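Here is how the chains run, residue by residue.
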Amino acid sequence: MSIRRSLPVLALVAAAFASVTLAAPASAAVATGPALDAASSASSPASSYGNDHAPTTIALPDGIQPEGITSSGSTYYVGSLNDGRIVTGSLVRGGESKVLLTGATGRQLRGLEYDFRTGLVWAVGNVGTVAHVWAVDSRSGRIASDTVVAGGGFLNDLIITPTAVWVTDSRVERLTRIPLTLFGKPTGKAPTFLTLGGAWPGTQAGGLSANGIRQLDRTHVVLDHSTAGGLWSVDLRTGKAVQIPVTGGPAITGGDGLERRGSTLFVVRGTTQTSVAQLTLQHTRSGWTAKWQKLLTDPSLDVPSTATYSVGALFAVNARFGTASPATAKYYITRLR
């Protein structure tokens, strides 16, 4: 499958989003080559709030079994594996969360992503054995669209570009594309698929495949592979995957959610079950590379699954996979500087 874009459409998209370009902090290293900009990402712009007084951990409802997290400014949205609800609250004040989307029997939510153009929270997951992609109004909790993905195995994470939602499937070697209008609204058209090829490791026995996804530039995304490890650049026009070399530290041996802030890439559980790997991305003539920065950890981390960057910090949601009595266990978000 290829992505066809005419020059007039590109000009319209660039003009529409030029005012909301995400700028990296002055102290951050800047990647060379085609950088992530407003014309290639529809995720929420960075907040200017300080976080000196933000809580270190933010309590979630007992038994929620969280997996995905996204944010808009200082507001977070977390989805449930237990009953498919979405709860929302403050990353700055903490306190009790509110239910945005009520739960439903058999529904499980994994990746979440907020689109600032529409105020929609996009969520991927399943009802029973049927794969779904939902768009939920962040103010009313109304389900604006519900797309059934035929043949979906384990929809896991997603990104939003100006004209599409791209979704990973950890049990089917493809990306799912949900088309959007130029204003970010669902078109109602059926999804299409992009087969992963090139050097992509494919499904490993008994394990998950493609998991986290974030955008590298207008035509490439980065994926991690939960079982084979590593980071992979994937061309959205052809599906060809190329491994991204990681230098200066340990290899990426696993990975769940990914988060990108300018040239910095965060890999949740990239090396251990209780940490987030922080890397610097750079584009060279030969392709994308990553350099090890540091390992982010905290005593409260307990099998984090995904993370969101907001209010000057990284916030990781703790899935606590393997905990006793998950339907009644305590869950929370951890702030990482």
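See above for the structure.
Residues numbered from 1 in each chain as written. Predicted model: local features only at pLDDT ≥ 70, side-chain atom pairs only at ≥ 80, totals over all residues. Heavy atoms only, no water.

**Re the side chain of T264**
Now for step 1: Secondary-structure assignment places T264 in strand β21 (residues 264-268).
Now for step 2: Not counting residues within four places of it along the chain, the set of residues in contact with T264 comprises E259, Q278, L279 and Q293. (Helix = DSSP H or I, 4+ residues; strand = E, 2+ residues; numbered from the N terminus. Contact = heavy atoms within 4.5 Å.)

**Section: the pattern of salt bridges**
Now for step 1: Counted by the stated rule, this structure contains 10 salt bridges.
Now for step 2: A salt bridge links R85 to D83; the shortest N-O distance between them is 3.1 Å.
Now for step 3: Judged by relative accessible area, R85 falls into the buried class, the value being 15%.
Now for step 4: Close ionic contact of R237 with D235 constitutes a salt bridge, the shortest N to O distance being 3.0 Å.
Now for step 5: Bridged by salt links that share partners, the residues E113, D157, R214 and E259 form one connected network. (Salt bridge = Lys/Arg side-chain N within 4 Å of Asp/Glu carboxyl O. Buried < 20%, exposed > 50% of the residue type's maximum accessible area, 1.4 Å probe, protein only.)

**With respect to the sheet that holds strand β26 (residues 331-336)**
Now for step 1: If you walk across this open sheet you meet the 4 strands as β1-β26-β25-β24, and the pairing is antiparallel. Sheet topology places β1 (57-60) and β24 (304-310) at the edges, where each strand pairs with a single neighbour. Each adjacent strand pair in this sheet contributes to an overall mean axis angle of 25°, direction not counted.
Now for step 2: In terms of strand pairing, β1 meets β26 through 4 bridges, oriented antiparallel. Across the sheet, the residue bridging to L60 is Y331, located in β26. (Pairing = 2+ DSSP bridges. Axes fitted to C-alpha atoms, helices over the stretch in contact; angles between N-to-C directions.)

**Brief notes about the pairing of strand β23 (residues 287-297)**
Now for step 1: Sheet analysis places strand β19 (residues 246-247) next to β23, joined by 2 bridges and oriented parallel. Within β23, the position partnered with V246 by the bridge is A290.
Now for step 2: Pairing between strand β22 (residues 275-284) and β23: 10 bridges, direction antiparallel. Considered in β23, the bridge of L279 is made with W292.
Now for step 3: Here β22 hands over to β23 after 2 residues, the two strands then running antiparallel side by side.

**A few points about the pairing of strand β10 (residues 155-161)**
Every other side chain in a regular strand lies on the same face of the sheet, so the side chains alternate between the two faces.
Now for step 1: Counting buried positions along β10 yields 7 of 7 residues, so the element is predominantly enclosed.
Now for step 2: Sheet topology places β10 next to strand β11 (residues 164-169); 5 bridges connect them, and they run antiparallel. When the bridges of β11 are listed, I160 appears paired with V165.
Now for step 3: The turn linking β10 back onto β11 is made up of 2 residues.

**So, unusual backbone geometry**
Now for step 1: The phi dihedral of Q65 falls on the positive side, at around 50°, and the residue is not glycine.
Now for step 2: Residue placement: Q65 occurs in the loop between β1 and β2 (66-72).
Now for step 3: For Q65, a relative accessible area of 19% gives the class buried.
Now for step 4: The phi torsion at V311 lies on the positive side, around 40°, for a residue other than glycine.
Now for step 5: With respect to the helices and strands, V311 occurs in the loop between β24 and β25 (313-318).

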